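Remarks on the overall topology
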Amino acid sequence: MDEAQIIARLDLLRTEHRDLDAAIDALATNGIPDQLQIARLKKRKLRLRDEIFNCEDQLIPDIIA
């Protein structure tokens, strides 16, 4: 992937991460929260965070000290 594709992918991942955060908050404040659904969303959010870090790492050039 070239740099433009990585940046576009990063934007998409960050948007999805924010959306999951909002969904988790909405489920948690809604009467009796569905703990299983919240746990699944949190796992997905963690996987997205890891993928975001991987994409950011690809954008940073390797510098040999």
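Residues numbered from 1 in each chain as written. Predicted model: local features only at pLDDT ≥ 70, side-chain atom pairs only at ≥ 80, totals over all residues. Heavy atoms only, no water.

**Side note on the overall build of the protein**
Looking only at helices and strands, one finds two helices and zero strands in the protein. C-alpha atoms of the protein, sized along the principal axes, occupy 55 × 25 × 15 Å. Here the protein holds 65 residues, and 17% of them are scored as buried. In the protein, the share of contacts with a sequence separation of at least 24, taken over all contacts with a separation of at least 6, comes to 71%. Surface accessibility of the protein: about 5100 Å² in total, with carbon and sulfur atoms responsible for 55%. (Helix = DSSP H or I, 4+ residues; strand = E, 2+ residues; numbered from the N terminus. Buried < 20%, exposed > 50% of the residue type's maximum accessible area, 1.4 Å probe, protein only. Contact = heavy atoms within 4.5 Å. Areas by Shrake-Rupley, 256 points an atom, 1.4 Å probe, with all protein chains shown as cover.)

**Some words on the environment of Leu 41**
Here Leu 41 is to be found in helix H2 (residues 35–59). Judged by its relative accessible area of 14%, Leu 41 is buried. Distance in space between the C-alpha atoms of Leu 41 and Asn 54 is 20 Å, their sequence separation being 13 residues. The contact partners of Leu 41, leaving out residues within four places of it in the chain, are Leu 20, Ala 23, Ile 24 and Leu 27.

**Observations concerning the nonpolar core**
Formed by Ile 6, Leu 10, Leu 13, Leu 20, Ile 24, Ile 38, Leu 41, Leu 48, Ile 52 and Cys 55, the largest nonpolar core amounts to 10 residues. Those elements that place two or more of their residues in this core are helix H1 (3–29) and H2. What Ile 6 contacts, discounting residues up to four positions off in sequence, is Met 1, Cys 55, Gln 58 and Leu 59. (Core = buried A, V, L, I, M, F, W, Y, C linked by side-chain atoms within 4.5 Å.)

**Description of the environment of Ile 52**
By the element assignment, Ile 52 lies in helix H2. The residues touching Ile 52, leaving out its near neighbours within four places in the chain, are Leu 10, Leu 13, Arg 14 and His 17.

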